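Listed below, chain by chain, are the residues.
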Amino acid sequence: MPVPRVLHRGTSVMKKQAQDIARNRKALHDYEVLETYEAGIALTGTEVRSLRDNHCQLTDCFALIRHGEVWLHGVHIPPYAFGNIANPDPDRKRKLLLHKNQIRKLEQQTKEKGMALVPLKMYFNKSSLVKVELAVCRGKKNYDKRAAMAERDSKREIERALKERSRR
């Protein structure tokens, strides 16, 4: 819960915190994250309204760089229920807003074989702007995924054993 901030003359205002809209959990399983970037996204008004209702799906989405611009493909934002007939296509390509030098750096990194741009999460920042956490990722092989799962299971077992030991 946010901590109230006291202003002058006895009034109080709640501090804003970042609020998650959607996460791409499958990406963390399928890819090894090398570097992350925070990007803005170009949306229409009814899409933002739909996002405020936490309607967004990030599974199977990716980003491509075309003509010096970064485009987000495969994100599904359903039409706003109380919108008008001019609601945009829910599966349209959306432009990501980054600095030119960031785009150039991303382009160089993704030219390597096996590298991809994958959005990890979409959220509202403290200023109530929609942001996308974009990651430069390398695809994992099946044996990498199995090793990660085995490591996670062993950590759980150790924590369980320590918790059981501290109870006695």
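Reading the values: the criteria
- Residues numbered from 1 in each chain as written.
- Predicted model: local features only at pLDDT ≥ 70, side-chain atom pairs only at ≥ 80, totals over all residues.
- Heavy atoms only, no water.
- 1 Å grid on protein atoms, 1.4 Å probe; cavity = no way out; pocket = protein on both sides within 12 Å on 5 of 7 lines; lining within 4 Å.
- Points joined across faces, edges and corners; volume = space filled by probe spheres on them.
- Helix = DSSP H or I, 4+ residues; strand = E, 2+ residues; numbered from the N terminus.
- Nonpolar A, V, L, I, M, F, W, Y, C, P; charged D, E, K, R; others polar.
- Phe/Tyr/Trp six-rings, centres within 6.5 Å; stacked < 30°, edge-to-face > 60°.
- Buried < 20%, exposed > 50% of the residue type's maximum accessible area, 1.4 Å probe, protein only.
- Lys NZ or Arg CZ within 6 Å of the ring centre and 35° of its normal.
- Core = buried A, V, L, I, M, F, W, Y, C linked by side-chain atoms within 4.5 Å.
- Contact = heavy atoms within 4.5 Å.
- Lys, Arg positive; Asp, Glu negative; His and termini not counted.
- Salt bridge = Lys/Arg side-chain N within 4 Å of Asp/Glu carboxyl O.

Student: Provide a residue-level description of empty space enclosed by the protein, including the pertinent values.
Tutor: Taken as a whole and assessed by the stated rule, the structure comprises one cavity of 30 Å³ or more. Considered as a void within the structure, the largest cavity measures approximately 50 Å³ in volume. Lining the largest cavity are Thr-46, Glu-47, Ser-50, Ile-77, Pro-78, Pro-79, Tyr-80, Asn-87, Pro-88, Asp-89, Pro-90 and Arg-94. Among the elements that make up the lining of the largest cavity, the one with the highest residue count is helix α2 (residues 45-52) (three residues). Among the residues making up the lining of the largest cavity, the classes are represented as six nonpolar, three polar and three charged.

Student: Describe the packing of aromatic side chains, listing the residues and the values that go with them.
Tutor: According to the stated counting rule, one finds one aromatic pair in the structure shown. When the ring of Tyr-80 is compared with that of Phe-82, the centres are 5.9 Å apart and the planes differ by 75 degrees; the resulting orientation is edge-to-face. Owing to a relative accessible area of 71%, Phe-82 belongs among the exposed residues under this scheme. Over the ring of Phe-124 we find Arg-52, and its NZ or CZ is 4.4 Å from the ring centre. A cation sits over an aromatic face here: Lys-121 above Tyr-123, 5.0 Å from the ring centre.

Student: Describe the nonpolar core, listing the residues and the values that go with them.
Tutor: By size, the foremost hydrophobic cluster in this structure holds 27 residues, and its most contacted members are Cys-56, Leu-96 and Met-122. Of all elements in the fold, only β3 (19-23), β4 (31-41), β5 (62-66), β6 (69-73), α3 (100-110), β8 (115-124) and β9 (130-139) reach the threshold of two or more residues within this core. Those residues in contact with Met-122, other than ones at most four positions away along the chain, are Asp-20, Ile-21, Ala-22, Ile-41, Leu-51, Cys-56, Leu-58, Val-75, Val-130, Lys-131 and Val-132. Formed by five residues, the second largest nonpolar core is a distinct cluster that contains Val-118, Leu-120, Ala-135 and Cys-137.

Student: Tell me what's going on with the side chain of Lys-131, and back it up with residues and numbers.
Tutor: Relative to the assigned elements, Lys-131 resides in strand β9. For the buried Lys-131, no salt bridge is present, and the opposite-charge side chain at shortest range is Glu-38, 4.9 Å distant. Aside from chain neighbours lying at most four places away, what touches Lys-131 is Glu-38, Ala-39, Gly-40, Lys-121, Met-122, Tyr-123 and Asn-125.

Student: Please set out the pattern of salt bridges residue by residue, giving values where relevant.
Tutor: As enumerated under the stated definition, the model contains ten salt bridges in all. With a shortest N-O distance of 3.9 Å, Glu-133 and Lys-121 are connected by a salt bridge. Of this pair, Glu-133 sits in strand β9 while Lys-121 is found in strand β8, placing the two residues twelve residues apart along the sequence. What makes Lys-121 buried here is its relative accessible area of 16%. Among the ionic pairs, Asp-153 bridges to Arg-156, the shortest N-O distance being 3.4 Å. You can see Asp-153 and its partner Arg-156 sitting in helix α4 (residues 142-167), three residues apart, about one turn around the helix.

Student: Can you lay out unusual backbone geometry for me, pointing to particular residues and giving the numbers?
Tutor: Comment: phi is negative for the bulk of residues other than glycine, and the bulk of peptide bonds are trans. The phi angle at Asn-54 is positive, at roughly 60 degrees, despite the residue not being glycine. Position of Asn-54 among the secondary structure elements: in the loop between α2 and β5.

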